[in-house]
Amino acid sequence: MIRLGYACISVNTKNNPNKKTTVAQLNKLEPVARMKKLRQVLQTNFFNLMDLLAYNVEHRIFLYRLPSEFVPLATHSVAAQWDWAKEFSWDFQKAGKFIRKHGIRLTAHPGHFNILNSDKPAVIESTIADFTYHARVFDLLGLDDNSVLVTHVGGVFDDKAASLDRFVSNFERLPDHVKKRLVLENDDTSFTMRDVLELCERLGLPMVLDIHHHTCHSDGENWIDYLPRIIQTWGNRTPKMHISSPKSESEFRAHADNINVEQFIQFASSLADYNVDIILECKNKDDALLTLRRELKKKGIGVEDFAENSQ
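Notes on the structure follow. (Residues numbered from 1 in each chain as written. Predicted model: local features only at pLDDT ≥ 70, side-chain atom pairs only at ≥ 80, totals over all residues. Heavy atoms only, no water.)

1. Quick look at the packing of helix H8 (residues 193-203) against helix H10 (residues 223-232)
Geometry of a packed helix pair, given as the angle between the helix axes and the separation of the axes.
At step 1: For the pair H8 and H10, the least separation of the axes is 11 Å and the interaxial angle reads 15°. By the angle between their directions, the pair H8 and H10 is classed as roughly parallel. H10 is crossed by H8, and the crossing has left-handed handedness. Between H8, through Met-193, Arg-194, Leu-197, Glu-198 and Glu-201, and H10, the contact on the second element is made entirely by Trp-223, Tyr-226, Arg-229 and Ile-230.
At step 2: Partitioning the contact of H8 with H10 into residue classes produces five nonpolar, no polar and four charged. (Axes fitted to C-alpha atoms, helices over the stretch in contact; angles between N-to-C directions. Helix = DSSP H or I, 4+ residues; strand = E, 2+ residues; numbered from the N terminus. Parallel < 35°, antiparallel > 145°, perpendicular 65-115°, else oblique. Left-handed = near helix turned anticlockwise from the far one by under 90°. Contact = heavy atoms within 4.5 Å. Nonpolar A, V, L, I, M, F, W, Y, C, P; charged D, E, K, R; others polar.)

2. Things to note about the sheet that holds strand S3 (residues 105-107)
At step 1: Reading across from one edge, S3-S2-S1-S8-S7-S6-S5-S4 is the order of the eight strands in this open sheet, with parallel pairing throughout. With one partner strand each, in any of the chains shown, S3 and strand S4 (149-152) form the two edges of the open sheet. Each strand axis lies, on average, 30° off the axis of its neighbour in the sheet, ignoring direction.
At step 2: As judged from the four bridges shared by S4 and strand S5 (residues 182-185), these two strands associate in the parallel manner. Bridging across to S5, Thr-151 finds its partner in Leu-184.
At step 3: Sheet contacts for helix H5 (residues 121-140): S3, S4 and S5; angle to S4, the most-contacted strand, approximately 160°.
At step 4: Along the sheet, helix H11 (residues 261-269) contacts strand S1 (2-7), strand S6 (207-210), strand S7 (240-243) and strand S8 (276-280); its crossing angle with S7, the most-contacted strand, is approximately 155°. (Pairing = 2+ DSSP bridges.)

3. Here's the deal with the pattern of salt bridges
At step 1: The tally for this structure, following the rule as stated, stands at 16 salt bridges.
At step 2: Its salt-bridge partner being Arg-3, residue Asp-277 comes within 2.8 Å of it at the nearest N-O pair. Placement of Asp-277 in strand S8 and of Arg-3 in strand S1 is noted, with a sequence separation of 274 residues between them.
At step 3: Here Arg-3 falls in the buried class, since its relative accessible area comes to 17%.
At step 4: Arg-202 is the partner of Asp-165 in a salt bridge, and the nearest nitrogen-oxygen pair spans 2.8 Å. Note that Asp-165 is positioned in helix H6 (residues 160-171) and Arg-202 in helix H8, a separation of 37 residues in sequence.
At step 5: When its relative accessible area of 38% is taken as the criterion, Asp-165 is described as partly exposed.
At step 6: Each member of the salt-bridge network shares a partner with another, and the members are Arg-3, Arg-105 and Asp-277. (Salt bridge = Lys/Arg side-chain N within 4 Å of Asp/Glu carboxyl O. Buried < 20%, exposed > 50% of the residue type's maximum accessible area, 1.4 Å probe, protein only.)

4. Description of the nonpolar core
At step 1: Residues Leu-106, Phe-264, Ile-278 and Leu-280 are the most contacted members of the largest nonpolar core, which totals 86 residues.
At step 2: If you tally residues by element for this core, the top one is helix H2 (residues 31-58), at 10 residues.
At step 3: Beyond its immediate sequence surroundings of up to four residues, Phe-264 is in contact with Leu-4, Ile-243, Ile-259, Ile-278, Leu-280, Leu-292, Leu-296 and Val-303.
At step 4: Grouped together as the second largest cluster of nonpolar side chains are five residues, Val-148, Val-150, Val-183 and Trp-234 included. (Core = buried A, V, L, I, M, F, W, Y, C linked by side-chain atoms within 4.5 Å.)

What follows is the structure in structure tokens.
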């Protein structure tokens, strides 16, 4: 069975858990007002998260990527004195209970500024801090290790082998609760599917296959030949993959508004023997997911086991 999900923002609802503030805005405020502003933003994000999760359940969408900015400026010094985990413990418990009750898989994709194989110590420290924040959110929600943090390997820095070794060394610096959630994804310019798979096997980490990235950047490997090994990296956890369609021939790496249905069918048919969760990475977010379902239904194809009940 395949389950479909989308990333961060619903285009069909007004309430999304990605409200934010800026350091510049906060620095204009006195300390008491600054804390009030941070609390207001996070409270809004919790309200919106509950609304969005209810919307997802109504539309039988059980895979969702949480926005990284859910807790505003969680790792920035401007919020260093704010114990958001303690203040919002009830909200985390309430949201976590709903997520677990409905079997929702929540994942995250920490921002591109996180580069665990960087050769700059300051970048490493900020990356560890951001990964730790993301893992803490999932821990506070009481979610199991299917709630993963997806990251790329990072930069090549003119020496791929050394960059991979540096990733391994810096990975060992991560707290255990981060290590158990971290998974690696192949990218579209630097590290191929095989590069990432071999690194995952070296570290005992799951691999997220991004099929669009593989189309953009590979050494000519047929991804189907590597599929059993990719699935094996997940052990008892449900494998997670990404799909997007190119915006155009001239902007091939960019994401299209929707998913090309024929491309999806070809991809999904190779996964027929597995249970896999697939995030659709496209501009139209949840609307693209619902559109894809309708298009598949017209063709008589039931990818999800509840597709006939989908709206």
